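Read off the chains here:
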Amino acid sequence: MSKISALRDIYFPDIGIEFTELRLRYIEYIQWLLGLQGARLTSGGNVEMMQPHIVTFNNVYQPFSAALAPFRAKVIASARARGGL
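A few points on the structure. Since this is a predicted model, take the numbers as computed values, not measurements.

We now examine the nonpolar core. Counting eight residues, the largest nonpolar core is built from F12, I15, F19, L22, F64, A67, F71 and A79. Elements that contribute at least two residues to this core include exactly helix 2 (16–43) and helix 4 (57–81). The greatest single-element share of this core, amounting to four residues, is contributed by helix 4.

A side chain of one charge can pair with a side chain of the opposite charge when the charged atoms of the two come close. A full pass over the atoms with the stated rule returns four salt bridges. A salt bridge links D9 to R8, with the nearest nitrogen and oxygen atoms 2.8 Å apart. Put simply, E21, R25 and E28 are held in one network by salt bridges that share partners.

Where helix 2 contacts helix 3 (residues 47–54), the axes come no closer than 9 Å and their chain directions differ by 160 degrees. In terms of orientation, helix 2 lies roughly antiparallel with respect to helix 3. Considering only the axes of helix 2 and helix 3, their crossing is right-handed. Along its contact with helix 2, which presents W32, G35, L36, A39, R40 and S43, the element helix 3 presents M49, M50, H53 and I54. Taken together, the residues of the contact of helix 2 with helix 3 break down into six nonpolar, three polar and one charged.

Parameters and conventions
- Residues numbered from 1 in each chain as written.
- Predicted model: local features only at pLDDT ≥ 70, side-chain atom pairs only at ≥ 80, totals over all residues.
- Heavy atoms only, no water.
- Core = buried A, V, L, I, M, F, W, Y, C linked by side-chain atoms within 4.5 Å.
- Buried < 20%, exposed > 50% of the residue type's maximum accessible area, 1.4 Å probe, protein only.
- Helix = DSSP H or I, 4+ residues; strand = E, 2+ residues; numbered from the N terminus.
- Salt bridge = Lys/Arg side-chain N within 4 Å of Asp/Glu carboxyl O.
- Axes fitted to C-alpha atoms, helices over the stretch in contact; angles between N-to-C directions.
- Parallel < 35°, antiparallel > 145°, perpendicular 65-115°, else oblique.
- Left-handed = near helix turned anticlockwise from the far one by under 90°.
- Contact = heavy atoms within 4.5 Å.
- Nonpolar A, V, L, I, M, F, W, Y, C, P; charged D, E, K, R; others polar.

In structure tokens form, the structure reads like this:
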């Protein structure tokens, strides 16, 4: 995410709102992944015990995926406007 931030600052400074939303959703996604690791460690790898955490995946991934689409579209539009694509 830091590389994306650096590239945004240099090449796409007008993509602030989309980047902020993507970053927030990314942080939630990483927190979920860390929680999954914790669930795996406390359950001893028992998938049935991890199931309550696993079923929340769509609750975290869908907003991340939804935030990625407008960010990607804005980057492409910005690059095209600059003659880069």
